[in-house]
Structures are given as structure tokens and as C-alpha cells.
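# Per-entry structural report
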Amino acid sequence: MRKVITGNSASAYGAKVSRAEVIAAYPITPQTSIVEKIADFVANKEMDAKFIKVESEHSAMAACISASMAGARTYTATSSHGLLLMHEMLIWASGSRAPVVMSNVNRANGPPWSVWADQHDTMAQRDTGWMQFYCESNQEVLDTIIQAYRVGEQRDIMTPSIIIEDAFVLSHTAEPVDIPDIGVVDKFLPPFDPPSKVIPGEPYGYGSLVMPDLYMDFRYKIAESMDLARDRLRQVDRDFQKHFGRSYGGLVEFYECEGADAVILTAGTAASTAKDVVDKMRREGKKVGVARMRVFRPFPYEEVRKLAKMAGAIGVLDRSYCFGYAGPIACEVMGALYNISDRPPIRSYIAGLGGRDITPEVLERLFDEILAFKGKGSGEEVKWVDLKGLEGL
Amino acid sequence: MAKATIPEEELMLSGHVGCLGCGATLTMRYVLKALGKNTVISVPACCWAVMPGPYPLRCLEIPMLYNAFETTGASISGLRAAYDMKGRPDINVLGFAGDGGTADIGIQSLSGAVERGDNVFYVMYDNEAYMNTGVQRSSSTPYGAWTTTTPGGTTGDWKRQPKKNMMEIMVAHRIPYAATASVAYPEDMVKKLRKGIDVRGPKFYHIYAPCPTGWRLSPDKTIEISKLATDSCIFPIYEVENGIYTINRKPAKKVPVRDYLRLQGRFRHLGEEELNRIQEAVDWDWKLLLRKEEFMKDM
């Protein structure tokens, strides 16, 4: 069924066609229309699920983890401060090996208050042991939820996932979306069948105290699964293509990157605008390209190294900032390239925080800057784009 | 001959690492005897997160899910929803938390679960301080007590606030069933838990569970002190069913509260004035409880 729907609506449909069985969620702008839609689905029996209307995001994640441990497929959605409040439970989820799937509408963190797009909320969860998917379209939002369940629930993966949509740019903007029939999804996504379940007759301890001689091994199991997931995600995206006729380029989508003099690497919706700019500049004879980091965790270091061989210079555009150094994606990209030879120069650009538009004009200027430092070194390592200055206001 | 009302089956094994005279272990033993094998327990950070022993040891014959300190209410809601979805409404879902995990850090998620009316059991085993971390005060620590964070010092900085009344907080949620119980009266405890199996919705149990280590009490006096708590009316045994109060034990002769306090090192510093003050507070609370029971008799 093809409908014109928002990213939030696409998220709710993603949970529905994936047959999420237990949903626990708490409202926060701009996530609310996801949970409202799911409440409608459940109230109208269009969706066979229990929706626990919890009293906080912290409890939302706690309830999802316990339900997942009991063998139910779980879903929640949040944003910004809600995600930050969950932080402890995000780590609890990955430690529990509970493959919860969560939508997060990327929103700036306060203070000062802002409800607009910014990726600081999810970037701050980098080390929680969750897979992170940054989407570019409403279709991708829906499809990635299905993909995340399929990979996350595999018995050697058992890892939770965050599906990310930029606030308002996707969450509240309607686009045509193909909503797959639930029977078609059933053929792609088997029922959740974890290796162990917390149920009577299985009298074990789930999450008990572990002494220093073994703790590291439990952590290593999580690390191992994350590493395995990298290739599993590439595979599932290819399978998705066969099954649904769509795919998203695996972990990193390369757009006109081969032999490009300048590439902007970014995550989320800024990539869409950048692709248009690439088309325009290519027509003008400038060799530019875009690499869209779709998956940030597990980190796609192989794709990044591949990009380094294709591109003459790279600007990493982060919609958040890792205080004390550079953009978080930029930090990781530079780290991934350290151990290879012939690295291109890289600059970290910080743009679009708190919902400021990243316009084609801005991106074209950045491409020109990157073209200019190709073969020379980036000079200024970190650059905040178009600061206005608060003095004199 | 009197018929034993406590099931013989042991679902808590003897190989735990609790302290001598631990009331929390007795609580677990009786609660599981009452609820039986078709039960799943969720336990936050507390003594009971340690007492089964480190991985791969365990001492319960039912599944035990460890949860984060403040999440017991949310955890049991999640378990309930999952079992109901899977066609297992028969499974008893039990949250089992200490007083800090209930009255302090966990009160929000407990309040959420009770307000939602989720069909779960919740046991607060009350040892009146953060015992697992080394006897720090909680909101359930009684007035006048020494703890490591109410050390008295040169300024008399003992716990200066009254104990938080969790039963009244639960009753204010219009909870269908709430009861106090004590390790001194296992038949009463078991009966109340079994009663809860037939109650749909949240069931809250405030269980008196002495901690000899933290109370500076001789470990052979766990039951004695528990009886004194009820006989002095500082910890009355009662239940509230849909708002109706019933006192299950009324001491024939009220024991002076000082007899209860002076057995415990944590109250050693209290002088006459303080002892009288505590007696007055206990008398007031007991009178209030009797009045509530009386007031609701005809309702």
C-alpha cells in the first residue's frame, strides 16, 4: 500500500508490520505522533500488542528490556532528553542481550531549549552497545525497522537498535511511502525466538553478579556480536533488495564518490540536499561526491577506508559536536584512517545544530573549500559553519 | 493438632550469602513458598542482588531477572505485558525490592505500575536503610536511627525525619490490595500472598525484615525484635483491601517502644526525651490506624 505519510507515521507502521508485541513509551516532542499512531493501531485492534503507557522514558526502556527477556518483540520511540534519561537502560539493554528496537527523532539537547534537528542525543549514546541507523527518507525509516529486527534478533547478534530520523525534516514531513503487507514482511522477518527466555521452568539468574575473572568475557561477547553485525547488515540490505525491491547501500551509501576530488561525508537528511548540490556541481565540471553514513554503530571502518581511496579530500559534516575536540563522526573517521597509507586531508565541519537549515548554498561553499584544500592539507581541522555571534544581541 | 499452613516446598535453597539472622532471606523463603513455582521474580540492586552468589551460582528455584535500581515497577510491567501477549496470564510476576529501591529511587516506577493497575506482586522487604551498600539512611529509616550517613557526630545528626509511609502512598493509588507482614508471622505473610493470587491488579506487601548487621542487633534476635516491633505497634500488621483497613494483629498489651529500641545499637544514643517523642509518634499512628479500621467497618 502506497501512502503519503510522515517519518513518524512510517515509524509506527514499521513497528506494526514487524509485529512488535510489547510497546512501552512516553511522549516527547517531536516523537509524539509515533506513539499516538501506535495507540490508535492498538485501540482499533489493527495491531495485536500491549502498549504500556509508562511514566518516563527510563521506565519505557526498563519495561521493554524485561518484556524482551520474557520473549516478546519490543519497540519504543523517544527523542533528545528522553533518550538521555534512558542512557543507563540503553547499556542495560545491550548487556541483557535484549534486541529492543527504538525509533529516535533526533532533537537538540537543552539548555537552551530547542526541539529541532540535531544529532547530539544519539551521538551521546555511541558507547551503549546499540546499533545506530541514520535515515534519509521516510521509506528508509520504515524499512530499517524491519531490517533492524531481522539482524538484531539473530542468535549470535542479540543486539538492540536505534532507528534515527532528523526532527521535523523527516518526522513531520510527508512523503510517499510503500507500506509493505504484513504477510510479505512475515516472510522476511521470522518471529522472535531468543536462545533463552525468562519463564517459569527456567530457574536461572539473568544478569547476576559476575566476578572480575569473567566480566570481560561477557563484554567481549557483545563486542563480537557488534563486529559480526557489520557484515550481517550489509547482507540483510541486499536480501531486502531481493524481497522488497529497495536497498540503502549497506552501511555507507556512496554517491558520485569514485574519483571525486572532494567528498562530504555526513549522516541523516543533510545527505539528500548534498546529493542535489553534487548533481549541480558535477554539471559544472566539479568532481564532488557524497558519502552517507547510514550505520554509525557498528562503525563502518572498511567503507570509510574505501572512501579514502576514492576521494581526494573529505569534509565530515556533523550535526552535533563532541565537546573538547571535533564532530563525533569526524573523530571516528580520522581514527579509522590512521593505520592506512595515503590518507586524504580531512576537515570536521559542524553545521545545522538545533535545527538550523543546511542549505544547498552552504553545502556548495563547503564543497569549494574542500576542493581548495585537496592535496594541501585541511589546515583548520574543525570549523563551525556560519556562527552568527551572540554578542550585541 | 494445628494444621501447618505454610507449604513445605522450598523454592529458596540454603546456599545463599546473606548475613547471620538476615530477615530478607526469611522474607524471600516465605514469599516463594506462598506464590509457588509458577512465579518469575525481578530484583533490583539490593541485598538480594548479591545474596544468590556470583555467576554461575543461584539459590532460587524460579527465574530471577536482575534489574536496575529504580526500575522494578517498570520491569514487572514489562514482564506482565509479555506473558499476557504470550497467553500466560497465569504466571505470577513478582517485584522484590528493598526499602531504598522502593521508597526512594524506585518510587516513580512503582507508582507508574500501580497507577496503571498492572497485575503484579510487589514486595518491599524493609530493613530500614541501604544495607547492601553499608547502612546508609533511606526514607524508610525510622526517626532517631544511626546510619553511616546519619552518624550523629558532635551535632546529634541522627535521622531526624519520620519513616516514609509506603502503605499510605499505595492506598492513595487506590491499589486493590496492600498489606504489611513480618518475618515473625510467616502464616500471616503466606496467607496474604496467597490471597493476592486471586486479586487482579497490583498487590503491594510491606514486609518487616530485620537486618542485624545494620541495626547493631544480635543475629539471634531477628524474630524477637520483629515480634516486639508489632507488639509495640511501631510496625503494625494490617491489610487494606480496596481501601478497607483490617488490623490483623492487635497486641493484648502494648509493649513500650523503648523495649524495642534498646535492643538495637542503632538507637543506643537516644535519651529520655527522644524515647518519649518516639513513643508519642507510635501512639498517634496506632490510634490513627485503629480509627481507620473502625471508620471503615460499615463501608
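Calculation notes
- The numbers attached to residues start from 1 for each chain and follow its sequence in the written order.
- As a convention, the first chain written is A and the first ligand written is 1, with the rest following in written order.
- Residue-level local features of this predicted model are given only where pLDDT is at least 70; pairs of side-chain atoms are given and counted only at 80 or more, and the full residue set underlies all totals for whole chains, interfaces and linings.
- Values reported for side chains reflect all heavy atoms of the structure, with hydrogen atoms and water molecules removed beforehand.
- For the purposes of this entry, the term helix denotes a DSSP run of H or I that reaches at least four residues, the term strand denotes a run of E that reaches at least two, and both are numbered from the N terminus.
- Any two residues whose heavy atoms approach within 4.5 Å are treated as being in contact.
- Surface exposure here means Shrake-Rupley accessible area, sampled with a 1.4 Å probe, where a residue is shielded only by the protein chains that are shown.
- None of His or the chain ends enter the tally, which takes Lys and Arg as positive and Asp and Glu as negative.
- All charge positions are set by atom: Lys at NZ, Arg at CZ, Asp at CG, Glu at CD.
- Each residue is assigned to one of three classes by its accessible area relative to the maximum for its type, calculated with a 1.4 Å probe on protein chains only: buried under 20%, partly exposed between the two thresholds, exposed over 50%.
- Definition of a polar contact: a pair of N or O atoms within 3.5 Å, with one able to donate and the other able to accept a hydrogen when the atoms are protein atoms, and with sequence-neighbouring residues admitted only if both atoms are side-chain atoms.
- Once two parts are joined, some of their accessible surface, as seen by a 1.4 Å probe, is lost; buried area is that loss totalled over both.
- Any Lys or Arg side-chain nitrogen located within 4 Å of an Asp or Glu carboxyl oxygen qualifies as a salt bridge.
- In this entry, domain limits derive from an automatic or database-based domain assignment.
- Here a Phe, Tyr or Trp ring, Trp counted by its six-membered ring, pairs with any other such ring whose centre lies within 6.5 Å, and the pair is stacked when the planes are under 30 degrees apart, edge-to-face when over 60, and tilted otherwise.
- For a Lys NZ or an Arg CZ to count as sitting over a ring, it must be within 6 Å of the ring centre and within 35 degrees of the ring normal.
- Patch rule: a residue counts if its relative accessible area is over 30% and it has no salt bridge; like charges are joined within 9 Å, and nonpolar side chains (Val, Leu, Ile, Met, Phe, Trp, Tyr) within 5 Å.
- Interaxial angle, 0 to 180 degrees, is taken between N-to-C directions of lines fitted to C-alpha atoms, where a helix line uses only the stretch in contact.
- Note on terminology: angles under 35 degrees are roughly parallel, angles over 145 are roughly antiparallel, angles of 65 to 115 are roughly perpendicular, and the others are oblique.
- Note on convention: near helix rotated counterclockwise from far helix by under a right angle means a left-handed crossing. Clockwise means right-handed.
- Two strands qualify as a pair provided DSSP detects at least 2 bridges between them.

Another point: the overall build of chain A. If you tally the helices and strands in chain A, you get 12 helices and 16 strands. Considering only C-alpha atoms, chain A reaches an extent of 65 × 50 × 50 Å along its principal axes. Sequence-distant contacts, at least 24 apart, represent 83% of the contacts inside chain A between residues at least 6 apart. As displayed, chain A offers around 15,500 Å² of accessible surface, 54% of which is attributable to carbon and sulfur atoms. The positive charge centre, built from 45 side chains, and the negative charge centre, built from 52, are 3 Å apart in chain A.

Moving on, we come to the side chain of B:Glu128. All names here are of chain B. Among the structural elements, Glu128 can be located in the loop between strand 4 (121–126) and helix 6 (166–172). By relative accessible area, which is 5% here, Glu128 ends up buried. A distance of 2.9 Å separates polar atoms of two side chains, one belonging to Glu128 and the other to Lys163.

A word on the interface of chain B and chain A. With 34 residues of chain B in contact, the opposing surface of chain A contributes 38 residues. Summed over both sides, the interface of chain B with chain A buries roughly 2,900 Å², with 68% coming from carbon and sulfur. Taken together, the connections running from chain B to chain A amount to two salt bridges. Measuring nitrogen to oxygen at the nearest pair gives 3.0 Å for the salt bridge that ties A:Glu21 to B:Lys86. Taken together, chain B and chain A are joined by 12 residue pairs in polar contact (both at pLDDT 80 or more). Sorting the residues of the side of chain B that touches chain A by element identifies strand 1 (39–43), strand 2 (64–66), helix 3 (72–85) and helix 5 (107–115) of chain B as the ones contributing at least two each.

The next subject is the domain arrangement of chain A. Residue and element names in this part refer to chain A. Its domain assignment divides chain A into domain 1 (2–244) and domain 2 (253–384). Contact with domain 1, which involves 28 residues of that partner, is made by 31 residues of domain 2. Seen at the junction of domain 1 and domain 2, the total is nine salt bridges. In this structure, the salt-bridge partner of Glu303 is Arg234, at a minimum N-O distance of 2.7 Å.

What follows concerns the packing of aromatic side chains. Aromatic rings in a pair are described by how distant their centres are and how their planes are angled relative to each other. Under the definition given, this model contains 17 aromatic pairs over all chains. For the pair B:Tyr208 and B:Phe235, a centre-to-centre distance of 5.0 Å together with 45 degrees between the ring planes defines the contact as tilted. On the criterion of sequence distance, the pair formed by B:Tyr208 in strand 6 (residues 203–208) and B:Phe235 in the loop between helix 9 (222–231) and strand 7 (238–241) is long-range, its members being 27 residues apart. Owing to a relative accessible area of 1%, B:Tyr208 belongs among the buried residues under this scheme. The buried category is assigned to B:Phe235, whose relative accessible area is 5%. One aromatic cluster in this structure is built from A:Tyr134, A:Phe296 and A:Phe299. Across from the ring centre of A:Phe41, 5.1 Å away, lies the NZ or CZ of A:Lys16, which sits over that ring.

The subject of this paragraph is a nonpolar patch on the surface. On the surface, A:Leu209, A:Met211, B:Val17 and B:Val50 cluster together into a nonpolar patch covering about 300 Å² of accessible area. Counting through the fold element by element, B:Val50 comes out in helix 2 (residues 47–50). With a relative accessible area of 30%, B:Val50 lands in the partly exposed category.

It is worth spelling out the packing of helix 3 (residues 57–69) of chain A against helix 4 (residues 80–96) of chain A at this point. Describing two packed helices takes the angle between their axes plus the distance from one axis to the other. Residue and element names in this part refer to chain A. Put simply, helix 3 and helix 4 touch, their axes get as near as 7 Å, and they point 20 degrees apart. Taken together, helix 3 and helix 4 sit at an angle that is classed as roughly parallel. Both helix 3 and helix 4 take part in a crossing whose hand is right-handed. Every residue of helix 4 that contacts helix 3 at Glu57, His58, Ala60, Met61, Ala62, Ile65 and Met69 is listed here: Gly82, Leu85, Met86, Glu88, Met89, Leu90, Trp92, Ala93 and Ser96.

Our focus in this paragraph is the pairing of strand 14 (residues 314–318) of chain A. Residues and elements named next belong to chain A. Among the five residues in strand 14, five count as buried, and that is most of the element. Neither face of strand 14 is left uncovered, since the one carrying Ile314, Val316 and Asp318 and the one carrying Gly315 and Leu317 both have all their residues buried. Pairing analysis gives five bridges linking strand 14 to strand 15 (residues 346–350), with the strands arranged parallel. Bridging across to strand 15, Leu317 finds its partner in Tyr349.

All names here are of chain A. Overall, mixed pairing links the six strands, which are arranged 10-12-11-14-15-16 in an open sheet. Taken across any chain shown, the strands that pair with only one partner, and hence form the sheet edges, are strand 10 (252–255) and strand 16 (382–384). Across the sheet, the axes of successive neighbouring strands diverge by a mean angle of 20 degrees, strand direction being ignored. As paired elements, strand 11 (residues 262–266) and strand 12 (residues 288–293) share five bridges and run parallel to each other.

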